[in-house]
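# Architecture at a glance
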Amino acid sequence: MDRLRNPARLMLVSDLDHTMVDHQDSENLSLLRFNALWEANYRLDSLLVFSTGRSPTLYKQLRKEKPMLTPDITIMSVGTEITYGNSMVPDDGWVHVLNQKWDKSIVIDEAKKFSELKLQSETEQRAHKVSFYVDKDKSQDVMKAFSEILKKRGLDVKIIYSGGIDLDILPQGAGKGQALAYLLKKFKAEGKLPNNTLVCGDSGNDAELFSIPDVYGVMVSNAQEELLKWHAENAKNNPKIIHATERCAAGIIEAIGKFILGPNTSPRDLKCSSECKMEDTSPSHEIVKFYLFYEKWRRAEVENSDQSLEKLKAVCYPPGVFIHPSGVERPLHDCISAMKNCYGDKKGLRVWVDRVSYSQISSDTWLVKFDKWELSGDEWQSCMTTVILRSRAASLSDGFTWLHVHQTWLEGPGAKDQTNWLV
């Protein structure tokens with residue numbers, strides 16, 4: 001990744017459905033806890049990788065449904081597609097690797113001989129992946145027979161069964177594990193091999209991730225039988241792989257702490273700013289902390305007092321300016337004062353920040369950039385935000401003063417609503 005000049009402190013590689021994303025958590029609390037932890041403590045010098053069985057179409061759909069962060073790298077379609085950054089630039093070198101001994105048309109043609117196989121939707125059929133549904137009690141026999149037929153046709157393929165119903169046919173060189181191995185080899189060649197790598201999963205198609213040498217691994221508490229069985233048969237004595245006691249993203253946070261890979265207390269778990277440790281104070285931590293207070297204020301989860309708002313005003317430069325996404329300029333202090341009338345007005349509101357980055361532009365001043373998101377009911381709003389912070393003393397542990405905030409609407413259905421966007 002060109003974003004990092006040095007090796008990543010941590011490369012976190014996670015499956016999405018039922019690992020990073022808990023579909024039973026309607027409030028998305030574990031995901032939001034992870035988001036706050038990552039943006040406050042890891043985004044600047046680490047890499048976030050999503051490794052999913054979803055096709056690009058279904059992956060993008062999930063991003064519209066859940067408050068997910070933007071990963072540095074996305075591995076999709078069970079390890080057959082690798083893309084980089086928010087623009088999802090494809091890795092052409094990986095495509096070349098997968099073309100070896102692969103012919104999608106032969107796979108589809110031979111599949112017609114198996115009545116047990118039901119082709120998945122067109123969006124799930126990719127250049128190097130053919131996906132079917134098959135009942136669990138018939139899966140083993142079908143996989144064995146299908147593999148033998150394709151081998152006779154000159155193909156070298158891999159068949160992966162997961163979720164008790166999904167069967168994917170891939171080139172032998174493909175898969176979540178091989179995609180990760182390819183990335184690690186690429187980083188090593190560039191002199192940027194991550195200091196630590198943590199892989200996270202819940203189902204059979206994640207097993208390969210745990211097979212990569214020297215990585216840490218966490219099977220979330222809700223991991224499926226097929227992955228637990230693989231672990232019992234192949235890696236039960238590996239101390240670097242654990243079965244978490246927490247579900248989904250909460251299990252990932254648990255593993256970060258278990259393996260001592262870095263901070264594992266999410267800012268969302270702190271009752272007040274006074275609980276923040278001195279070493280956690282940074283421009284990114286300041287941004288996360290500020291917007292968490294903003295969310296809790298509008299959800300009525302903090303005390304409704306003038307003192308709370310005065311403390312918030314105290315971190316804002318008196319002549320400081322806020323430029324609303326609509327282009328309207330207001331004094332920062334006026335924006336804080338306006339919050340007085342909005343206490344508890346959006347008890348379903350969730351706020352998070354994404355892609356936080358910062359640079360020092362003078363001895364005591366920092367330029368911070370990030371995307372701010374708000375979700376209330378079914379309404380999503382987001383904006384690109386630039387903040388100028390000044391440290392209050394020589395040490396960052398003394399905190400920051402907000403000098404300037406400038407926001408611009410990101411594309412989306414919520415960009416037309418000007419009334420409830422305060423800061």
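Here the structure is shown first, and the text comes after it.
Presented here is an overview of the structure given in this document. (Residues numbered from 1 in each chain as written. Predicted model: local features only at pLDDT ≥ 70, side-chain atom pairs only at ≥ 80, totals over all residues. Heavy atoms only, no water.)

### Examining the pairing of strand β18 (residues 400-409)
Heads up, the condition is: For every residue, the accessible area (1.4 Å probe, protein chains only) is compared with the maximum for its type, and the residue is labelled buried under 20%, exposed over 50%, or partly exposed between those bounds. Think of it this way: any DSSP run of H or I at least four residues long counts as a helix, any run of E at least two long counts as a strand, and we number them from the N terminus. Strands are labelled as partners when DSSP assigns at least two bridges between them.
Among the 10 residues in β18, seven count as buried, and that is most of the element. In the sheet, strand β17 (residues 379-391) pairs with β18 via nine bridges, with the strands oriented antiparallel. For V387, the partnering residue across the bridge sits in β18 and is V405.

### Details of the packing of aromatic side chains
Stated precisely, the cut-off is as follows: Stacked, tilted and edge-to-face are the three classes assigned to paired rings of Phe, Tyr and Trp, where Trp is represented by its six-membered ring and a pair needs centres within 6.5 Å; plane angles under 30 degrees give stacked, over 60 edge-to-face, the rest tilted. We call a charge positioned over a ring when the NZ of a Lys or the CZ of an Arg lies within 6 Å of the ring centre and within 35 degrees of the ring normal.
By the definition in use, this model includes 18 aromatic pairs. Relative to F259, the ring of Y216 lies with its centre 4.7 Å away and its plane at 40°, an arrangement referred to as tilted. Here Y216, found in strand β11 (residues 216-219), pairs with F259, found in the loop between α8 (248-258) and α9 (283-298); they are 43 residues apart in sequence, far enough to count as distant. Considered together, Y216 and F259 belong to a single accessibility category, that of buried residues. Ring pairing ties together the aromatic residues F290, Y291, Y294, F370 and W402, which thus form one cluster. The residue whose ring lies beneath K240 is Y216, and the NZ or CZ to ring-centre distance is 4.9 Å. Here the guanidinium or amino end of R390 rests over the ring plane of Y317, the centre of that ring lying 5.3 Å away.

### Describing the packing of helix α4 (residues 104-111) against helix α5 (residues 136-152)
Two numbers describe a pair of packed helices, the interaxial angle and the distance between the axes. Definition in use: Inter-axis angles, ranging from 0 to 180 degrees, are taken between N-to-C directions of lines fitted to C-alpha atoms, where helices are fitted over the stretch in contact. Here the word oblique covers every angle except those under 35 degrees (roughly parallel), over 145 (roughly antiparallel) and from 65 to 115 (roughly perpendicular). Crossing handedness is defined as follows: a turn of the near helix away from the far one that is anticlockwise and smaller than a right angle gives a left-handed crossing, while the clockwise case is right-handed. Residue contacts are counted whenever heavy atoms from the two residues lie within 4.5 Å of one another.
Their axes nearest at 11 Å, the elements α4 and α5 cross at an angle of 135°. Classified by the interaxial angle, the pair formed by α4 and α5 is oblique. Between α4 and α5 the crossing geometry is right-handed. Contact residues: I106, V107, E110 and A111 in α4; F146, I149 and L150 in α5.

### Quick notes on α8
Of all the 11 residues making up α8, eight are buried; the element is thus mostly covered by neighbouring parts of the structure. Turning to α8, its buried residues are C248, A249, A250, G251, I252, I253, A255 and I256. Here the buried face of α8 lies against β1 (11-14), α1 (29-41), β10 (197-201), β11 and β12 (241-243). Just downstream of α8, I260 is the residue with a positive phi angle, here 55°.

### Re the sheet that holds strand β14 (residues 329-331)
Within the open sheet, the six strands sit side by side as β14-β13-β18-β17-β16-β15. Their pairing is mixed. Edge strands, defined here as strands with exactly one partner in the open sheet, are β14 and β15 (349-362). Neighbouring strand axes in the sheet, compared pairwise and without regard to direction, differ in orientation by 20° on average. One ladder, built from 11 bridges, connects β15 with strand β16 (residues 365-376); its direction is antiparallel. When the bridges of β16 are listed, Q360 appears paired with W366.

### Some thoughts on the environment of L312
Along the chain, L312 falls in helix α10 (residues 306-314). Using a relative accessible area of 10% as the deciding quantity, one classes L312 as buried. Beyond its immediate stretch of four places on either side in the chain, L312 contacts F290, F293, I336 and M339.

### Remarks on the pattern of salt bridges
Note the threshold: A carboxyl oxygen of Asp or Glu within 4 Å of a side-chain nitrogen of Lys or Arg is what we treat as a salt bridge.
In total, this model carries 26 salt bridges according to the counting rule given. Taking the shortest distance from any N to any O, the salt bridge between D45 and R9 comes out at 2.9 Å. Here D45 is found in the loop between α1 and β2 (47-51), whereas its partner R9 is found in the segment before β1, with 36 residues between them in sequence. Given the relative accessible area of 24%, R9 is considered partly exposed. Ionic pairing is found between D22 and R247, a salt bridge with its closest N-O pair at 2.8 Å. Taken as a pair, D22 in the loop between β1 and α1 and R247 in the loop between β12 and α8 lie far apart in primary sequence, 225 residues in all. Residue class for R247 comes out partly exposed when judged on its relative accessible area of 29%. Three or more residues joined by partner-sharing salt bridges are found here, namely R3, E39, R43, D72 and D354.

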